[in-house]
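Residue-level structural notes
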Protein chains: 2
Amino acid sequence: MKATVAVRPKPGILDPQGEAVRGSLQHLGFDVTEARVGRIVELELEATDPAEAKAEVERMCEQLLANPLIETFQIEIAS
Amino acid sequence: MKATVAVRPKPGILDPQGEAVRGSLQHLGFDVTEARVGRIVELELEATDPAEAKAEVERMCEQLLANPLIETFQIEIAS
């Protein structure tokens, strides 16, 4: 079973990587007013039940994949 | 206009960050057989036409946001 996790900086939290991307894009001549950079983590799981898989990935986010103080995460489960 | 870019390592390309995540998750006791790590870049653009915005973001990917040798990118435009 596959899971995709999108981890994004929370609104209002400083995102230096996004700031660097915005600056570089503007320097290249692109009309960008804001850029925010997050991560995608794609997982292949042994779990076969979607609800169980989602609960397991939530625990992974809390323990390793995201920093809940400054990041949000969003989980999608695909068979 | 908002654009979301998902940048992922191409299949078959070594992904050391994904390998580290897989190893750490397994060490924590999770049943994960594979992990791949990519980036999400969320942009706020001045462009007002969706087709024009998509073409501009494609150029950003080619010039800065993705390394086409080892990464794929996927663009979504939202108003």
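Here, every reference points to the structure presented above.
A brief look at the structure comes next. (Residues numbered from 1 in each chain as written. Chains lettered and ligands numbered in written order. Predicted model: local features only at pLDDT ≥ 70, side-chain atom pairs only at ≥ 80, totals over all residues. Heavy atoms only, no water.)

Once turned by 180 degrees and shifted 0.0 Å along the axis, chain A lies on chain B with an RMSD of 0.0 Å. Given the turn and translation reported, the copies of this chain are related as if by a two-fold rotation axis. Residue R39 of chain A, judged by its C-alpha, is the member of chain A lying nearest the rotation axis, at 2.1 Å. The share of interface residues of chain A whose copies in chain B are also at the interface is 100%, consistent with both copies meeting through the same surface. (Least-squares fit on C-alpha atoms with pLDDT ≥ 70 in both. Contact = heavy atoms within 4.5 Å.)

With that out of the way, let us pick up the interface of chain A and chain B. It is common to report an interface's size as the accessible area lost on association of the parts. In this complex, chain A contributes 31 residues to the contact, which on the side of chain B involves 31 residues. Both faces considered, chain A and chain B share a buried interface measuring about 2,800 Å² in area, 64% of it formed by carbon and sulfur atoms. Considering only the surface of chain A that becomes buried against chain B, F30, I40 and E42 of chain A emerge as the three largest contributors, covering 22% of it. The interface formed by chain A and chain B contains two salt bridges. (Buried area = accessible area lost by both parts, 1.4 Å probe. Salt bridge = Lys/Arg side-chain N within 4 Å of Asp/Glu carboxyl O.)

Residues and elements named next belong to chain A. Along the polypeptide, D15 turns up in the loop between β1 (2–9) and α1 (16–27). One buried charge, D15, has no salt-bridge partner; the nearest side chain with opposite charge is R36, at 4.4 Å. Aside from chain neighbours lying at most four places away, what touches D15 is P9, A35, R36 and V37. (Helix = DSSP H or I, 4+ residues; strand = E, 2+ residues; numbered from the N terminus. Buried < 20%, exposed > 50% of the residue type's maximum accessible area, 1.4 Å probe, protein only. Lys, Arg positive; Asp, Glu negative; His and termini not counted.)

Before going further, it helps to spend a moment on the environment of N67 of chain A. Inspection of the secondary structure puts N67 of chain A in the loop between α2 (50–65) and β3 (71–78). In the structure, N67 of chain A is positioned 49 residues away from G18 of chain A in sequence and 17 Å away in space, judged by C-alpha atoms.

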